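# Tertiary structure, described
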Amino acid sequence: MNKSIAAKLTQLCVRLDELNRMLSSESITGNLDNYRKLTRERAEIAPVVELYDAYLQSERDVHTAQEMSADAEMREFADAEMRDAKEKLVRFGAELQKQLLPKDPNDDRNIFLEIRAGTGGDESTLFAGDLFRMYTRFAERHRWQVEIISQSPSEAGGYKEIIAKIIGAGAYSKLKFESGGHRVQRVPATETQGRIHTSACTVAVMPEADEVMDVVLNPAELRIDTFRASGAGGQHINKTDSAVRVTHLPTGIVVECQDGRSQHKNKAQAMSVLAARIRDKQTQEQQSKQAATRKSLVGSGDRSGRIRTYNFPQGRITDHRINLTLYKIEQIMDGDLNELCSALMSEHQAEQLAAMGE
């Protein structure tokens, strides 16, 4: 086992002991939020530590079998024990590596699915309709809900573009590798000479963003200044430092309030306005980030940016990223994407494992 992985697992063992001690404390339920947080952490760590214990036991079993093999009478039994222990060692080691891979925080989220016709005219719009049906059938197999957000039907019966929301646990984890250019090779219904045409569509899969949470203002990040209000307002407002200026240091947002006579009231109003401005800034940044993600995923809509080819005359689908070809085009177009999705996830995990090993 890689030293860095072994070190990480040792840290988890120590942390589990700490959590067990904290959770067994009589005062732990005094703070329910903290109690729930620690309980969740323990639930995540405990299975990994249990698996690591099994791995270490298999290591000990290998060592014991080696010692036993020195005895001629025990050698056959020891060899069998060693084979069994080594098989477990390999299996547990591979599983541990997967358990330690970084989790994608978006995996459990709902998604927005966007399909757009690219090159190929009417045939491309028909293929966009076929792709949408494929993903809809896949969603039905998982009992997910599909809501059409917007659509632009084509005269041929497909879609120039269609955007849908797919609601269901794990939707993003299953479909996040579908983004990119999809190419189709087939004889269009309108083709009288039987020639094979090539068309393309683009697919974008994006996780649904969290609603912008209420802003929590950290007093340490605020500079509050009071000053004498300017302009008309009467004797009182001109003679006291009732006006308030609040500066949010991380963002540089400044809010002044001097309409009220009370410094306390002006401060409360300024804080309210500040929270609203920060929330607005977060929303804009979130939308900009989504737009950037969308641009990178959708691509040009041209055949050159393809990730997958659907060849109907040969009954095959090829994913060019992992060089996987499946001769089950009818089943896949009917929503049976599990083999494709699993292969793409396995390749992704292999890349993560390689990076972790480095």
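Sequence order sets the numbering: in each chain, residues are counted from 1 along the sequence as written. pLDDT decides what is reported in this predicted model: residues at 70 or higher carry local features, side-chain atom pairs at 80 or more are listed and counted, and totals for whole chains, interfaces and linings draw on all residues regardless. Hydrogens and waters are ignored; side-chain quantities use all the structure's heavy atoms.

Formally: UniProt positions are given in the numbering used here, feature names are shortened, and annotations may be inferred rather than shown by experiment.
The chain has the name Peptide chain release factor 1 in an unreviewed UniProt entry, where Nitrosospira briensis is given as its organism. Check the Sequence similarities (unreviewed entry) section of the UniProt entry for the chain; it says "Belongs to the prokaryotic/mitochondrial release factor family." Check the Function (unreviewed entry) section of the UniProt entry for the chain; it says "Peptide chain release factor 1 directs the termination of translation in response to the peptide chain termination codons UAG and UAA."

### Side note on the overall build of the chain
For clarity, the threshold we go by: Only DSSP runs of H or I with at least four residues qualify as helices, and only runs of E with at least two residues qualify as strands; both kinds are numbered from the N terminus onward. For every residue, the accessible area obtained with a 1.4 Å probe (protein chains only) is divided by the maximum for its type, and the residue is called buried under 20%, exposed over 50%, and partly exposed between those limits. The contact criterion used throughout is that any non-hydrogen atoms of two residues lie within 4.5 Å. Here the Shrake-Rupley method, with its probe set to 1.4 Å, supplies the accessible areas, and only the displayed protein chains count as covering residues.
Across its full length, the chain carries nine helices and 11 strands. Expressed as a percentage of the 358 residues in the chain, the buried residues total 36%. Intrachain contacts of the chain at a sequence separation of at least 6 include 60% that bridge at least 24 residues. Carbon and sulfur atoms make up 48% of the accessible area of the chain, which totals about 21,000 Å².

### So, the packing of helix α2 (residues 32-68) against helix α3 (residues 75-99)
For clarity, the cut-off: Axis geometry follows a simple rule: fit a line to the C-alpha atoms, using only the stretch in contact for helices, then measure angles between N-to-C directions, giving values from 0 to 180 degrees. Geometric relationships in this document are graded by angle, where less than 35 degrees denotes roughly parallel, more than 145 denotes roughly antiparallel, 65 to 115 denotes roughly perpendicular, and other angles denote oblique. Two helices cross in a left-handed way if the nearer one is turned anticlockwise from the farther one by less than a right angle. They cross in a right-handed way if the turn is clockwise. Asp, Glu, Lys and Arg are counted as charged, while Ala, Val, Leu, Ile, Met, Phe, Trp, Tyr, Cys and Pro are counted as nonpolar; the rest, among them Gly, fall into the polar class.
Packing of α2 against α3 leaves a shortest axis separation of 8 Å and a crossing angle of 155 degrees. Taken together, the axes of α2 and α3 lie roughly antiparallel to each other. Crossing of α2 over α3 shows left-handed handedness. Considering only residue class, the contact of α2 with α3 consists of 15 nonpolar, four polar and six charged.

### As for unusual backbone geometry
Phi angles above zero are rare outside glycine, and Arg-143 is one such case at about 60 degrees. For Arg-143, the location among the structural elements is in the loop between α4 (122-141) and β2 (145-153). The backbone of Asn-323 sits at a positive phi, close to 55 degrees, despite the residue not being glycine. Structurally, Asn-323 is set in the loop between β10 (316-319) and β11 (324-326).

### Points about the sheet that holds β11
Threshold: Two strands pair if DSSP finds at least two bridges between them.
The sheet built from eight strands is open, its strands ordered β2-β3-β1-β5-β4-β9-β10-β11 with mixed pairing. Only two strands of the sheet have a single neighbouring strand rather than two, namely β2 and β11. Averaged over all pairs of adjacent strands, the angle between strand axes in this sheet comes to 15 degrees, irrespective of strand direction. Sheet topology note: the β2/strand β3 (residues 159-167) ladder contains eight bridges and is antiparallel. By the bridge assignment for β3, Gln-151 is matched with Ile-162.

### A closer look at the packing of aromatic side chains
Put simply, the test is: Within 6.5 Å between ring centres, the rings of Phe, Tyr and Trp (the latter by its six-membered ring) count as paired, and their orientation is classed by plane angle as stacked under 30 degrees, edge-to-face over 60, tilted in between. To sit over a ring, a charge needs its Lys NZ or Arg CZ within 6 Å of the ring centre and within 35 degrees of the ring normal.
Under the definition given, this model contains four aromatic pairs. With a centroid separation of 5.9 Å and an interplanar angle of 80 degrees, the aromatic rings of Phe-132 and Tyr-159 are classed as edge-to-face. Note that Phe-132 is positioned in helix α4 and Tyr-159 in strand β3, a separation of 27 residues in sequence. Tyr-159 shares its class with Phe-132; the two are buried. Residues Phe-138 and Trp-144 carry aromatic rings whose centres are separated by 5.8 Å and whose planes lie at 80 degrees to one another, so their mutual orientation is edge-to-face. Classification of Phe-138 by relative accessible area gives buried; the value is 0%. A cation over an aromatic ring shows up here: Arg-91 above the ring of Phe-92, its NZ or CZ 5.2 Å from the ring centre.

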